[in-house]
Structures are given as structure tokens and as C-alpha cells.
Amino acid sequence: MIFKLESVNLVYDIGKEAQTYALKDINLSLDGNRFIGIMGPSGSGKSSLLYTMAGFKIPTSGKVCYGEIDYDEISSSKRAEIRRKDFGFIFQRHFLIDYMTVMENILVPINDDGREVKIKAMSILNKLELLNLADKKPYQLSGGQRQKVAIARALIGDPKVIFADEPTAALDHNSAIEVMRFLENYKRDKMIVVVTHDPCILQNANHIINMLDGTIASIDKDRGGI
Ligand SMILES: Nc1ncnc2c1ncn2[C@@H]1O[C@H](COP(=O)(O)OP(=O)(O)OP(=O)(O)O)[C@@H](O)[C@H]1O
Ligand SMILES: [Mg+2]
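Residues numbered from 1 in each chain as written. Chains lettered and ligands numbered in written order. Predicted model: local features only at pLDDT ≥ 70, side-chain atom pairs only at ≥ 80, totals over all residues. Heavy atoms only, no water.

Asks: Would you take a moment to explain the nonpolar core for this structure?
Replies: Generally speaking, nonpolar side chains in soluble globular proteins are found buried as a group. In this structure, I90, I106, L183, V194 and L202 are the most contacted members of the largest nonpolar core, which totals 39 residues. Of all elements in the fold, only strand 3 (35-39), helix 3 (102-107), helix 4 (115-127), helix 5 (143-155), strand 7 (161-165), helix 6 (173-184) and strand 8 (191-195) reach the threshold of two or more residues within this core. The element best represented in this core is helix 5, accounting for 6 residues. Filtering out sequence-adjacent residues up to four positions away, I106 remains in contact with A121, L125, V149, A152, R153 and I156. (Core = buried A, V, L, I, M, F, W, Y, C linked by side-chain atoms within 4.5 Å. Buried < 20%, exposed > 50% of the residue type's maximum accessible area, 1.4 Å probe, protein only. Helix = DSSP H or I, 4+ residues; strand = E, 2+ residues; numbered from the N terminus. Contact = heavy atoms within 4.5 Å.)

In C-alpha cells form, the structure reads like this:
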């Protein structure tokens with residue numbers, strides 16, 4: 001089991017009159033090497049679930065374990081170290097640095113620009129069909145290409161889990177489908193967790209978690225996505 005959440009509540013504005021249960025009594029066990037989709041309306045707790053799994057948010061009550069590690073029992077710097085070593089992140093906005101080349105952007109998370117990592121980055125760029133863009137700057141790329149560079153940046157540290165929060169929300173339909181095609185390729189040797197409003201991009205997800213008002217309304221399991 002790679003993630004286990006037990007009776008997780010995440011409450012905002014504790015002590016104030018109006019409290020928000022971003023997550024309400026969540027129980028969830030997830031194995032790795034799968035593509036997991038998280039769907040649901042705005043405000044239903046999708047991002048809260050993702051950032052709780054990634055150890056960014058510590059629940060108000062309940063327990064979140066990554067493998068054998070209970071996030072609540074380790075320091076925040078230890079949690080940051082886990083994220084650096086084991087997790088990759090992709091967001092709605094690419095957050096690429098405009099004055100750096102594609103190659104330099106990809107190497108940012110690992111803080112190393114030696115020959116070996118450059119070869120590794122080249123191989124990732126090749127798989128994403130971006131090899132000819134290594135020396136371009138982000139503003140010279142299309143939106144879909146920029147998100148693919150964000151995927152490459154998430155992959156450079158060999159993460160065990162990739163968390164993506166609305167990775168295609170800023171893209172047109174065709175670019176969204178293409179970006180997902182590349183991301184999905186990694187589901188056999190990593191866990192891919194994708195939050196989205198758009199069911200089209202979850203066609204090949206193994207499980208889809210449907211969120212509603214901070215709870216898991218249902219899980220579509222073993223959809224047999226290719
Ligand atoms: N920092 C915060 N302070 C107070 N309330 C918050 C905070 N972050 C989120 N919330 C509330 O928690 C609930 C769940 O938010 P969350 O961002 O997880 O939803 P979401 O499903 O990702 O929505 P969206 O699709 O709009 O991104 C919402 O009601 C939101 O208003
Ligand atoms: Mg969100």
C-alpha cells in the first residue's frame with residue numbers, strides 16, 4: 001500500500017463561526033503503479049486530497065501514511081525531503097522560468113547540470129517528443145509543449161509518485177489529450193495522481209475517485225484503462 005488515509009478530516013477556519021470541511025472522514029488505500037483520477041465539482045476537496053497525500057497539508061484529525069511513514073510523526077523538513085526524493089508535481093500553470101532554456105528548467109529541481117543528468121533529461125525529452133526544443137525558452141513554446149516540459153521537470157528526479165493538479169485546465173482539448181497521453185505512459189512504473197474537472201482526460205485511469213462536499217462519493221475501480 002503506498003498511501004493510506006484513515007478517518008481524515010481537514011478543517012479550515014477552526015475556532016471561527018463558519019468552518020469548512022475541505023475533507024470529511026476520508027478513508028482510502030491506494031497501491032502504486034497506477035493512474036488515479038480525482039474528479040468532482042469546484043470546492044469538493046480534490047486539491048485538498050492531493051496536497052494531503054503529498055504531505056503539504058496535515059489533516060486536522062486522522063492519519064495519512066505514505067508507505068510505512070505517518071506524516072504526522074515526522075518533521076516538516078523530513079516531509080519536504082520525501083517530496084523532493086519521491087514525488088513530482090505538475091500544476092495548472094507550468095511555472096517554468098522564462099529566462100531559462102527548456103533544458104535548464106528541467107534541471108531546476110535536482111540542482112545539478114552535469115553530463116549524466118543532461119543525458120537523462122535528453123532521454124526524457126526524447127520520450128516526450130521535445131528533443132528539438134531543448135534550447136528554446138518557454139515563451140517560444142505552445143501551451144501543450146510547456147506542460148510537457150513541466151512533465152519532464154517532474155520526472156527528472158525519478159519520482160515514485162507524480163501529483164498533477166488540473167494539469168490540462170489551461171489547454172485546448174487536443175493539447176490536453178496529447179499531454180495526458182505522455183503522462184499516462186508512466187503509470188506502469190509510477191503512481192500518477194491527476195485532479196481534473198474533465199472526464200475526457202481520465203479515459204485511461206485505473207481508478208477514479210469522485211469527490212463531493214469533502215467526501216468520497218464513489219470510486220470507479222479497475223476500469224482496465226490501457
Ligand atoms: N486556505 C483555505 N482556507 C479556507 N478554506 C479553504 C482553503 N483552501 C480550501 N478551502 C476550502 O476547502 C474546500 C475544498 O477546497 P479544494 O481547493 O480542495 O477544492 P477543489 O475541489 O480542488 O476545487 P477547485 O476545483 O475549484 O480547485 C472549499 O470549500 C474551499 O473553499
Ligand atoms: Mg483544486
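Asks: I tried to follow the site of ligand 1 on my own but got confused; where do I start?
Replies: Close to ligand 1 lie 13 residues, the nearest being S42, G43, K46, S47 and S48. Contacts to ligand 1 include G45, whose backbone N or O atom sits 3.0 Å from an oxygen atom. The side chain of K46 places a nitrogen or oxygen atom 2.7 Å from an oxygen atom of ligand 1. When ligand 1 is considered free in solution it has 640 Å² of accessible area, and contact with the protein chains removes 62% of it. Sorting the residues of the shell around ligand 1 by element identifies strand 2 (20-30) and helix 1 (46-53) as the ones contributing at least two each. (Near = heavy atom within 4 Å. Polar contact = N/O pair within 3.5 Å; in protein donor to acceptor, adjacent residues only side chain to side chain. Areas by Shrake-Rupley, 256 points an atom, 1.4 Å probe, with all protein chains shown as cover.)

Asks: Teacher, can you tell me more about the sheet that holds strand 10 (residues 215-220) here?
Replies: Strands sit in the order 6-7-8-3-9-10 across an open sheet of 6 strands; the sheet is mixed. Each of the sheet's edge strands pairs with one partner strand only, and the pair in question is strand 6 (87-90) and strand 10. Going from strand to strand, the sheet's axes swing by 20 degrees on average, the running direction of each strand aside. Across 4 bridges, strand 3 lies against strand 8 in parallel orientation. (Pairing = 2+ DSSP bridges. Axes fitted to C-alpha atoms, helices over the stretch in contact; angles between N-to-C directions.)

Asks: Just checking my understanding: could you explain helix 4 for this structure?
Replies: An α-helical segment advances 3.6 residues per turn. Residues three or four places apart therefore align on the same side. With 13 residues, helix 4 extends 19 Å between its outermost C-alpha atoms, agreeing within 8% with the 18 Å of an ideal straight helix rising 1.5 Å per residue. Buried within helix 4 we find V117, A121, I124 and L125. The buried residues of helix 4 occupy an angular sector of 100 degrees when projected down its axis, which confines them to one face. For helix 4, the exposed residues set more than 90 degrees away from the buried face come down to R115, E116 and K127. Looking at the buried positions of helix 4, the neighbouring elements they touch are helix 3 and helix 5. (Expected span 1.5 Å × (residues − 1). Arc of directions from axis to C-beta.)

Keep in mind these values describe shape, not function.
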